[in-house]
Amino acid sequence: MASYLESNQDRFLSELLDWLRIPSVSADPKFHGDVLRAADYLKTRLEEVGIENVELCQTAGNPIVYGEKIIDPALPTVLVYGHYDVQPADPYELWTSPPFEPVIKDGKIYARGACDDKGQVYMHVKAFEVLMQEGGVPCNVKIMIEGEEEIGSNNLSIFVRENKEKLKADVILISDTGMIANDTPSIEVGLRGLSYHEVEVTGPNRDLHSGLYGGAVANPINILCKMIASLHDEHNHITIPAFYDNVEELSAEERAEMAKAPHSDEEFKQSIGLPDIHGEKGYSTLERVSIRPTLDVNGIWGGYTGEGAKTVIASKAYAKISMRLVPHQTSAEITALFQQHFESIAPSGVTVKVTPHHGGEPVVTPTDSVAYKAAADAMETTFGKRPIPTRGGGSIPIVAMFKSELGLDTVLLGFGLDSDAIHSPNEHYGVFNFLKGIETIPHFYRNYAASMQ
């Protein structure tokens, strides 16, 4: 006899595709109505599966979808977090199919938000449905899904601080991360923090003719490029003074454990079309993307970029620059160091403005907790092998906030893959991964409830 999941998997996928059709892009005001529609869609689906007290909690920005199933206050409570907003889909022309017209091809769901994070959030909705149909939920469940993660979660911390009793729980469960491979399960136990800035370099008071003025004035675009280039040395170390002062250095034993994770530099290069690897001297690729801090330019613009030629020296040049942080660095510290340094290296012919944007703190979660063991056992049950604990290179700033505000550790039970192209054109999520998540999450609840009794 087919399991409930097997019997309903086509419907589960169809419902996810309907949600993915809603372009809930939080960064662009023109999609605000769609963001609200996505929240309403989720609210309805939560009510249908048996979540109670479902509400759209208003904030100064987008609403937070909250619901709960309290079966016995004496039992442990799991608080599930995720987000229903998605990244902008630009550039649209690089998508092989429209980003908000989801399609399934080659076993993958192609759409903006397929993996990050609608597909992974919806695993939890359907996992709850499976539990309800197969004997009931073994512990209390609270669900909080926000609509501003992709723009910094500015209102979430306010909501959490003002609703600590409502959000009282024993552990946080998040699926907004990934694993090594479909045949190599893993659980992320660390995340990097973030310090994000926009910089503006201003030269003359207007755009100038490059023939009449070229060679006699500082060109803001040239200057900005030189300033950015100076932020790394020949070994790809970041040159900001005191940047590494608080960086946690892992022991040789810890690095050796990390090296046990399966990885091929050749496959890594081929997967993203690069002729060679690149990064900080003295560290492996896995270390560079997880336990080492970084500095990257996320966007740069200025001057004339239209068709044809326009011989102009631009008045202004801009860039967006982000730094990923590791344990013992703080976003406030690095933000101040970056701003001070970047302003100090500007030549006298230009002025520089640094505008800090959102940030977040690095975090390491325990691997000896009841909740982590419950998740590892759940993955071992459904994958047939023990998951490897890994450090993630991305940032989920709210994990540190949950620890400081609610005193709760987080289990990062993600099912995405590095190859899913999140934040890029042609984002996708494996049907296998979506269904495997729905299969695995109920085992987590059962394991956790049994261990806490």
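Residues numbered from 1 in each chain as written. Predicted model: local features only at pLDDT ≥ 70, side-chain atom pairs only at ≥ 80, totals over all residues. Heavy atoms only, no water.

The protein chain carries the name Dipeptidase in an unreviewed UniProt entry, which gives Hymenobacter elongatus as its organism.

**Student:** Can you help me understand the domain arrangement of the protein chain in this one?
**Tutor:** Buried accessible area, meaning the area lost when the parts come together, often serves as the stated size of an interface. Here the domain parsing of the protein chain yields domain 1 (1-191 + 362-452) and domain 2 (193-247 + 293-360). Between the C-alpha centres of domain 1 and domain 2 there is a distance of 35 Å. When residues of domain 1 are sorted by the area they lose upon contact with domain 2, Pro362, Ser395 and Pro397 head the list and together hold 64% of the total. Linking domain 1 with domain 2 are 0 salt bridges. Across the contact surface, domain 1 and domain 2 share 2 residue pairs in polar contact (both at pLDDT 80 or more). Classifying every residue of the side of domain 1 that touches domain 2 by side-chain character gives 5 nonpolar, 4 polar and 1 charged. (Domains from an automatic or database assignment. Buried area = accessible area lost by both parts, 1.4 Å probe. Salt bridge = Lys/Arg side-chain N within 4 Å of Asp/Glu carboxyl O. Polar contact = N/O pair within 3.5 Å; in protein donor to acceptor, adjacent residues only side chain to side chain. Nonpolar A, V, L, I, M, F, W, Y, C, P; charged D, E, K, R; others polar.)

**Student:** In this structure, what is going on with the sheet that holds strand S14 (residues 351-360)? I would like to understand it.
**Tutor:** Hydrogen bonding along the main chain pairs the strands of a sheet, whether they run parallel or antiparallel. Ordered by their spatial adjacency, 4 strands build an open sheet running S11-S13-S9-S14, and the pairing between neighbours is antiparallel. Both outer strands of the open sheet, strand S11 (294-302) and S14, are each paired with one neighbouring strand and no more. Within the sheet, the average angular offset between the axes of one strand and its neighbour, ignoring direction, is 15°. Strand direction decides the pairing type here: S11 and strand S13 (residues 316-325), joined by 8 bridges, are antiparallel. (Pairing = 2+ DSSP bridges. Helix = DSSP H or I, 4+ residues; strand = E, 2+ residues; numbered from the N terminus. Axes fitted to C-alpha atoms, helices over the stretch in contact; angles between N-to-C directions.)

**Student:** I would appreciate a short explanation of helix H2 (residues 32-49) in the present structure.
**Tutor:** Owing to its 3.6 residues per turn, the α-helix brings residues three or four apart onto one side. Counted at 1.5 Å a residue, the expected span for H2 with its 18 residues is 26 Å, and the 27 Å between its end C-alpha atoms agrees. Summarising the contacts, the buried residues of H2 are in contact with helix H1 (4-20), strand S1 (52-57), strand S2 (64-69), helix H3 (118-133) and strand S6 (140-146). Positive phi shows up at Gly50, right after H2, with a value of about 110°. (Expected span 1.5 Å × (residues − 1). Contact = heavy atoms within 4.5 Å.)

**Student:** Any chance you could explain the environment of Ser97 here in plain terms?
**Tutor:** Mapped onto the elements, Ser97 comes out in the loop between strand S3 (77-83) and strand S4 (103-105). The class for Ser97 is buried, based on a relative accessible area of 11%. Residues Ser97 and Asp409, spaced 312 residues apart in sequence, show a C-alpha to C-alpha distance of 39 Å. Excluding anything up to four places from it in sequence, Ser97 contacts Val103, Lys105, Tyr110 and Asn426. (Buried < 20%, exposed > 50% of the residue type's maximum accessible area, 1.4 Å probe, protein only.)

**Student:** What am I meant to see in the sheet that holds strand S5 (residues 108-110) here?
**Tutor:** Ordered by their spatial adjacency, 3 strands build an open sheet running S4-S5-S18, and the pairing between neighbours is antiparallel. Two strands bound the open sheet, and with one partner strand each, they are S4 and strand S18 (428-430). Direction aside, neighbouring strands of the sheet carry axes that sit 30° apart on average. Across 3 bridges, S5 lies against S18 in antiparallel orientation. Its bridge partner being in S18, Ile109 is matched across the sheet by Tyr429.

**Student:** In this structure, what is going on with the packing of aromatic side chains? I would like to understand it.
**Tutor:** Here the structure, examined in full by the defined rule, presents 12 aromatic pairs. Ring centres of Phe444 and Tyr445 lie 5.8 Å apart, and the angle between their planes is 65°; on these two criteria the pair is classed as edge-to-face. The same class applies to Phe444 as to Tyr445, namely buried. An aromatic cluster of at least three residues, connected via ring pairs, comprises Trp19, Tyr41 and Tyr122. (Phe/Tyr/Trp six-rings, centres within 6.5 Å; stacked < 30°, edge-to-face > 60°.)

**Student:** Help me understand helix H10 (residues 331-344) in this model?
**Tutor:** For H10, with 14 residues, the first-to-last C-alpha span of 20 Å sits near the 20 Å given by 1.5 Å per residue. Every buried residue belonging to H10 is among Ser331, Glu333, Ile334, Thr335, Leu337, Phe338, His341 and Phe342, and all of these are buried. Buried residues along H10 sit in contact with strand S9 (193-202), helix H6 (220-229), S11, S13 and S14.

**Student:** I keep staring at the packing of helix H11 (residues 370-383) against helix H13 (residues 431-451) and nothing clicks. Help me out?
**Tutor:** Helix packing geometry: the angle between the two helix axes and the distance between the axes. Packing of H11 against H13 leaves a shortest axis separation of 8 Å and a crossing angle of 135°. What the angle tells us is that H11 and H13 run oblique. The two elements H11 and H13 cross, and the hand of that crossing is right-handed. On H13, the residues that touch Val370, Ala371, Ala374, Ala375, Asp377, Ala378, Met379, Thr381, Thr382 and Phe383 of H11 are Phe432, Lys436, Glu439, Thr440, His443, Phe444, Asn447, Tyr448 and Ser451. (Parallel < 35°, antiparallel > 145°, perpendicular 65-115°, else oblique. Left-handed = near helix turned anticlockwise from the far one by under 90°.)

**Student:** What's the story with the pattern of salt bridges in this structure? I'm lost.
**Tutor:** Opposite charge on two side chains makes pairing possible when the charged atoms of those side chains draw close. Under the criterion given, the structure shown has 27 salt bridges. As a salt-bridge pair, Arg45 and Glu48 come within 2.8 Å of each other at their nearest N and O atoms. Highlighted residues: Arg45 and Glu48, both in helix H2, separated by 3 residues, approximately one helical turn. For Glu48, a relative accessible area of 53% translates into the label exposed. One salt bridge connects Glu257 with Lys260, and the closest N-O pair in it is separated by 2.7 Å. Of the residues examined, Glu257 reaches a relative accessible area of 49% and is grouped as partly exposed. The class for Lys260 is exposed, based on a relative accessible area of 60%. Linked by salt bridges that have partners in common, Arg11, Glu15, Lys126 and Glu129 make up one network.

**Student:** Just to check I follow, could you spell out the side chain of Thr410 for this structure?
**Tutor:** Here Thr410 shows up in strand S17 (residues 410-412). Those residues in contact with Thr410 that sit more than four places away from it in its chain are Ile172, Ile174, Thr365, Val399 and Phe402.

**Student:** Please clarify how the nonpolar core should be interpreted in this entry.
**Tutor:** In summary, soluble globular proteins display a tendency toward joint burial of nonpolar side chains. Trp19, Val78, Leu413, Phe434, Phe444 and Tyr445 are the most contacted members of the largest nonpolar core, which has 64 residues in total. For this core, the element with the highest residue contribution is H13, accounting for 9 residues. (Core = buried A, V, L, I, M, F, W, Y, C linked by side-chain atoms within 4.5 Å.)

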